[in-house]
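Spelled out, the chains give:
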Amino acid sequence: MDTLVSLSKRRGFIFQSSEIYGGTGSCWDYGPLGVELKQNIKRLWWRDYIQRRPDMVGLDASILMHPTVWKASGHVDNFTDPMVDCLECRRRFRADKVDETPWVHYCAATKGNKFTIPSGEPCSHCGERRTLCPECGKGSLTPPRQFNLMFKTFMGPVEEDASQTYLRPETAQGIFVNFDNVAQSMRRKLPFGIGQIGKAFRNEITPGNFIFRTREFEQMEIEYFVNPRDTVEGKPADEYWHERWIADSLAWFQRYGLRAENLRLREHEKDELAHYAKRTADIEYRFPIGWSELMGIANRTDFDLKQHAQFSGKALSYFDEERKEHVVPYVIEPSAGVDRALLAFLADAYQEEEVRGEKRVVLRFHPELAPVKVAILPLLKKRDDVVRTAHAIRDTLAKHWTVVYDDTAAIGRLYRRQDEVGTPYCVTVDVQTVGDTDKGESADGKVTIRDRDSMEQVRVPIDALPAVFLDLLSGGSWAAVASRFP
Ligand code: GAP
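Treat the numbers as computed from the prediction; the structure is a model and nothing was measured.

## Comments concerning the nonpolar core
In this structure, Phe13, Trp245, Trp252, Phe253, Leu294 and Phe345 are the most contacted members of the largest nonpolar core, which totals 58 residues. Take this core: its biggest share by element is nine residues, from helix 9 (residues 338–349). Those residues in contact with leucine 294 that lie beyond four places of it in its chain are Phe253, Leu258, Leu263, Ile283, Glu284, Tyr285, Phe287, Ala336, Gly337, Arg340, Ala341 and Ala344. Core analysis: the second largest hydrophobic core is formed by 26 residues, Val387, Ile393, Phe469 and Val481 among them.

Below you can see the structure in the form of structure tokens.
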């Protein structure tokens, strides 16, 4: 994780928020390359799930909603974590995590010497187990109290109870309250889904592990509405579609580069299911911190639509033409975190290897995810015509993709720099490209393309570059291109 944090800062992916003021601890800013990577994740998700599927539509609901939304959804009453406070140092911990952290102990058997003892173990000198605050080792802890994770805020100039609302802790509720608007305006028949990407906020007690758990993050959520009375392939429709979405979601992460051995499914035990769920399966990724949740796929039944119908007094149902009856749809919810997906793609892409006795750091991003698609590098920056040609190529390719021009180091350094940020292709412009009138050498109008992964190079006419990159960046293989330009 430290390697990824340091590379992210050094190469402009992710910075600590408000760093010049000492940082905030749980918020991060996406730099020039980070924002490209994040946009690419969101763009591919939107393209694959909303644009390409006939049964899906998109939505962009507001972050601030009517406060009753959160009463109806159960968040006001149930979105809590049990907390304990240290009476001495006033630090606050999640009650269920206290015993999982190493603890500070002033050992009476060694004249009160201070030790940090691994979690769950007794002191090896006196045999005592942790009873006091794990952080300061001096204060008693209060009994657990429920702490709501929603950020409170106020609408309008007066800070009074009547104007209190919350920053949304999930994007899902914006979809549920718009169910009827979307179904009617888009004339939808079940099954159909609504997808949304947007910010969510949770006052996490223990944020941390870089962008894995933060207080402000982004979600990509789908609510897929099905008729619970239907059966598909012999299964109740909700169960059938739950399985389908689990398989589709796993395949999506693999399509864009996550290795199968770093992904697994974990079923929620009955006692850990959220208050609304009939069944939930998490897709876990082997993050640098160990196996942890990347996304969840829940069967939320008709809980949310029924709750909102009850609290708002507006029917949120669907008229089943065949059966001539109203039904409240069941909902399958594939819910992914953008930031967690980004961390997984970054971790999976990161590789260190040895090339001709030197260490090469390379981010093997899928070309569609890579923040920069092509780097244009002039071999001789003293030659005006070489530089001019390189700039012209940059301008042409920039009409289609995010590309960069760089002439600030020798070519070997420039290649390494691009490898380290995952740029799949580099184009070099040299003297042969533009010719050398002094030596009577004519221009060949060709440039060298270098492939990040194989480090192979081919020489391609400048005019062919847009078509070649269109092919390479939309799934074409390097081997096929290389064979066309031997
Ligand atoms: N609407 C369902 C829902 O919000 P969740 O499991 O609480 O379910 C879904 O959140 C996804 O959002 C998680 O799998 C994770 O990827 C992401 N997520 C949740 N809390 C997060 C946090 N504090 N920081 C970063 N990502 C988070």
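## Here's the deal with the site of the ligand
The ligand sits among 21 residues. The nearest are Glu170, Arg202, Glu204, Glu221 and Glu293. Residue threonine 214 places a main-chain N or O atom 2.8 Å away from a nitrogen atom belonging to the ligand. Interatomic distance of 2.5 Å between a side-chain N/O atom of glutamate 293 and an oxygen atom of the ligand. Calculation on the ligand without its partners gives an accessible area of 560 Å², and the protein chains cover 91% of this total.

## Some thoughts on the side chain of histidine 105
The residue histidine 105 is located in strand 6 (residues 103–107) in this model. Judged by its relative accessible area of 5%, histidine 105 is buried. Apart from residues no more than four positions distant in its own chain, histidine 105 is found in contact with Asn113, Lys114, Phe115, Ile117, Cys123, Cys126 and Glu128.

## Some remarks on the packing of helix 2 (residues 32–51) against helix 7 (residues 237–255)
Running from amino to carboxyl end, helix 2 crosses helix 7 at an angle of 135°, the nearest separation of the two axes being 12 Å. Here helix 2 lies oblique to helix 7, going by the angle between them. Between helix 2 and helix 7 lies a crossing of right-handed hand. Counting all contacts with helix 2, which are made through Ile41, Leu44, Trp45, Asp48 and Tyr49, the residues of helix 7 involved are Trp245, Asp248, Ser249, Trp252 and Arg255. Looking at the contact of helix 2 with helix 7 residue by residue, the class counts come to six nonpolar, one polar and three charged.

## Here we look at empty space enclosed by the protein
This model, assessed by the stated rule, comprises one cavity of 30 Å³ or more. By volume, the largest cavity amounts to about 80 Å³. Contributing to the lining of the largest cavity are Trp45, Tyr49, Met220, Ile222, Trp245, Ser249, Trp252, Phe253, Met295, Pro334 and Ala336. Elements supplying a minimum of two residues to the lining of the largest cavity: helix 2, strand 12 (216–226), helix 7 and strand 20 (330–337). Considering every element that reaches the lining of the largest cavity, the biggest residue donor is helix 7, with four residues. In terms of residue class, the lining of the largest cavity is built from 10 nonpolar, one polar and no charged.

## Remarks on the sheet that holds strand 25 (residues 425–429)
Note on sheets: strands pair through backbone hydrogen bonds, and any given pair is parallel or antiparallel. With mixed pairing, five strands are arranged side by side in an open sheet as 24-23-25-26-27. Taken across any chain shown, the strands that pair with only one partner, and hence form the sheet edges, are strand 24 (403–405) and strand 27 (457–461). Across this sheet, the average inter-strand angle for adjacent strands is 25°, counted without regard to direction. As defined by bridge partners, strand 26 (residues 446–451) adjoins strand 27 across five bridges and the pair is classed as antiparallel. When the sheet's bridge partners are listed, lysine 446 is paired in strand 27 with proline 461.

## Looking at the sheet that holds strand 15 (residues 263–267)
Judged by pairing direction, the sheet is mixed, and its seven strands sit side by side in the order 3-11-12-20-17-16-15 without closing on themselves. Each edge of the sheet is formed by a strand with only one pairing partner; in this case those strands are strand 3 (56–59) and strand 15. Between one strand axis and the next, the sheet turns by 25° as a mean value, whatever way the strands run. Strands strand 3, strand 12, strand 15, strand 16 (279–287), strand 17 (290–301) and strand 20 of the sheet are contacted by helix 7, whose axis makes an angle of about 150° with strand 17.

## Observations regarding the pattern of salt bridges
Two side chains of opposite charge can pair, provided their charged atoms sit close to one another. Within the structure shown, the criterion is met by 51 salt bridges. Lysine 9 is paired through a salt bridge with glutamate 19; the nearest N and O atoms lie 2.8 Å apart. In this pair, lysine 9 is assigned in helix 1 (residues 2–10) and glutamate 19 in the loop between strand 1 (14–16) and strand 2 (28–30), connecting sequence segments 10 residues apart. Residue glutamate 19 is classed as partly exposed on the basis of its relative accessible area of 38%. Here aspartate 419 ties to arginine 450 by a salt bridge, and the two come within 3.0 Å at their closest N and O atoms. Taken together, the residues aspartate 419 in helix 11 (residues 411–421) and arginine 450 in strand 26 connect sequence positions 31 residues apart. Taking relative accessible area as the criterion, aspartate 419 reaches 0% and is therefore assigned buried.

Definitions and cut-offs
Position numbers for residues count from 1 along each chain, tracking the sequence in the order it is written. Since the coordinates come from a predicted model, pLDDT governs what is reported: local features require at least 70, and pairs of side-chain atoms require 80 or more to be given and counted, while whole-chain, interface and lining totals use all residues. Based on all heavy atoms of the structure, the side-chain values leave hydrogens and waters out of the count. As used in this record, nonpolar core signifies buried Ala, Val, Leu, Ile, Met, Phe, Trp, Tyr and Cys residues forming a set joined through side-chain atoms within 4.5 Å. Buried means the residue's accessible area, taken with a 1.4 Å probe over protein chains only, is under 20% of the maximum for its type, while exposed means over 50%, and partly exposed covers the values in between. By the criteria applied, helices consist of DSSP H or I runs no shorter than four residues and strands consist of E runs no shorter than two, each listed in order from the N terminus. Working rule for contacts: check all heavy atoms of both residues, and any pair within 4.5 Å makes them a contact. If even one non-hydrogen atom of a residue comes within 4 Å of a molecule or strand, that residue is called near it. For the purposes of these results, a polar contact is taken to be a pair of N or O atoms within 3.5 Å, where, inside protein, one atom must be able to donate a hydrogen and its partner to accept one; residues adjacent in sequence count only when each atom of the pair is a side-chain atom. To be clear on the numbers: accessible area is Shrake-Rupley with a 1.4 Å probe, and residue cover counts the displayed protein chains and nothing else. Each axis is a line fitted through C-alpha atoms, taken for helices only over the stretch in contact, and angles between the N-to-C directions span 0 to 180 degrees. For classification, angles of less than 35 degrees are called roughly parallel, those exceeding 145 degrees roughly antiparallel, those between 65 and 115 degrees roughly perpendicular, and all remaining angles oblique. Helix crossings get a hand from a simple test, with the near helix turned counterclockwise from the far one by less than a right angle marking a left-handed crossing and a clockwise turn marking a right-handed one. Each residue gets one label: Ala, Val, Leu, Ile, Met, Phe, Trp, Tyr, Cys and Pro are nonpolar, Asp, Glu, Lys and Arg are charged, and the others, such as Gly, are polar. As defined here, a cavity is a set of points on a 1 Å grid over the protein atoms alone where a 1.4 Å probe fits but cannot get out. A pocket is an open set with protein on both sides within 12 Å along at least five of seven lines, and residues line them when an atom is within 4 Å of a point. Grid points are joined across faces, edges and corners, and a volume is the space filled by probe spheres set on the points. We call two strands paired when DSSP finds no fewer than two bridges between them. Salt-bridge detection follows one rule: a side-chain nitrogen of Lys or Arg within 4 Å of a carboxyl oxygen of Asp or Glu.

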